[in-house]
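Chain by chain, the residues run as shown.
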Amino acid sequence: DAGVTQSPTHLIKTRGQHVTLRCSPISGHKSVSWYQQVLGQGPQFIFQYYEKEERGRGNFPDRFSARQFPNYSSELNVNALLLGDSALYLCASSMIGGVGAEAFFGQGTRLTVV
Amino acid sequence: AQSVSQHNHHVILSEAASLELGCNYSYGGTVNLFWYVQYPGQHLQLLLKYFSGDPLVKGIKGFEAEFIKSKFSFNLRKPSVQWSDTAEYFCAVIPNTNAGKSTFGDGTTLTVKP
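Residues numbered from 1 in each chain as written. Chains lettered and ligands numbered in written order. Predicted model: local features only at pLDDT ≥ 70, side-chain atom pairs only at ≥ 80, totals over all residues. Heavy atoms only, no water.

1. A look at the environment of P79 of chain B
Residues and elements named next belong to chain B.
Consideration 1: Along the chain, P79 turns up in the loop between β9 (73-78) and β10 (87-95).
Consideration 2: Once the C-alpha coordinates of P79 and K58 are considered, the two residues, 21 residues apart in sequence, prove to be 12 Å apart.
Consideration 3: If we ignore the near neighbours within four places in the chain, the residues touching P79 are A16, A17, S18 and G62. (Helix = DSSP H or I, 4+ residues; strand = E, 2+ residues; numbered from the N terminus. Contact = heavy atoms within 4.5 Å.)

2. Quick look at the environment of H10 of chain B
Residue and element names in this part refer to chain B.
Consideration 1: Relative to the assigned elements, H10 resides in strand β2 (residues 10-14).
Consideration 2: Taking the C-alpha atoms as reference, H10 lies 9.9 Å from L21; in sequence the two are 11 residues apart.
Consideration 3: Filtering out sequence-adjacent residues up to four positions away, H10 remains in contact with T109 and T111.

3. As for the pairing of β10 of chain B
Residues and elements named next belong to chain B.
Consideration 1: Here β10 lies mainly inside the structure; eight of its nine residues are buried.
Consideration 2: As judged from the eight bridges shared by strand β5 (residues 31-38) and β10, these two strands associate in the antiparallel manner. Across the sheet, residue L33 finds its bridge partner in β10, namely V93.
Consideration 3: One ladder, built from three bridges, connects β10 with strand β12 (residues 108-113); its direction is antiparallel. If you follow Y89 over to β12, its bridge partner there is T108. (Buried < 20%, exposed > 50% of the residue type's maximum accessible area, 1.4 Å probe, protein only. Pairing = 2+ DSSP bridges.)

4. Section: the packing of aromatic side chains
Consideration 1: One pass over the full model with this rule turns up 15 aromatic pairs over all chains.
Consideration 2: An angle of 70 degrees between the planes, with centres 5.9 Å apart, marks the rings of Y35 of chain A and F45 of chain A as edge-to-face. Pair noted here: Y35 of chain A is in strand β4 (residues 31-37) and F45 of chain A is in strand β5 (residues 44-50), with a separation of 10 residues, a long-range link. F45 of chain A shares its class with Y35 of chain A; the two are buried.
Consideration 3: With a centroid separation of 6.3 Å and an interplanar angle of 85 degrees, the aromatic rings of F105 of chain A and F104 of chain B are classed as edge-to-face. Linking F105 of chain A in strand β10 (residues 104-105) with F104 of chain B in strand β11 (residues 103-104), this pair reaches from one chain into another.
Consideration 4: Grouped by ring-pair contacts, the aromatic residues Y35, F45 and F105 of chain A together with F34, Y36, F51 and F104 of chain B constitute a single cluster. (Phe/Tyr/Trp six-rings, centres within 6.5 Å; stacked < 30°, edge-to-face > 60°.)

Honestly, it's all geometry; don't read function into it.
Quick look at the structure:
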């Protein structure tokens, strides 16, 4: 069975540019969450989407946005990239949006901003 | 705002030694608690979770954790570690009031020497 897939796996961007990261959840999963993991730290919650609606938002600036499509895949967009945005971006999917749902993580997208 | 502290950043043990990794959280209300593990080169995966009921929770691969509400703690234990337990371990909290907004600790790297 395919797990959570994220694309691309790595990318390098220049300060001020825009980036779009993509996530395909496990088949049947309707909730997707996004996390930022800076080296040496735990994942930080960015967004959760369930049934195409935003269910939760972490403490990130408005430069970060996301959406979920009818097929439950999701995009994370970051505008006006800063050096500090360099991190591993993780996507997790779960069957439902509630607390009880186990989250399955993808391998992540490594973003480097130069 | 909630926070999670994992006081041990790096733990080194010999095979067959007992393991206890500390996790303390800060939040005034009801929480749901998780331990995730990331083996080298793999994605984050759930070890165990606590929502309610018996405060002693058993997970995969012989791991268990005990929720002590009075101490705001959810320590992870294993009676006898194996070389294959070498990994990074993350504690996470989700308040009952906000299903989407999870908070992770910064992780503990466990190295088990054969």
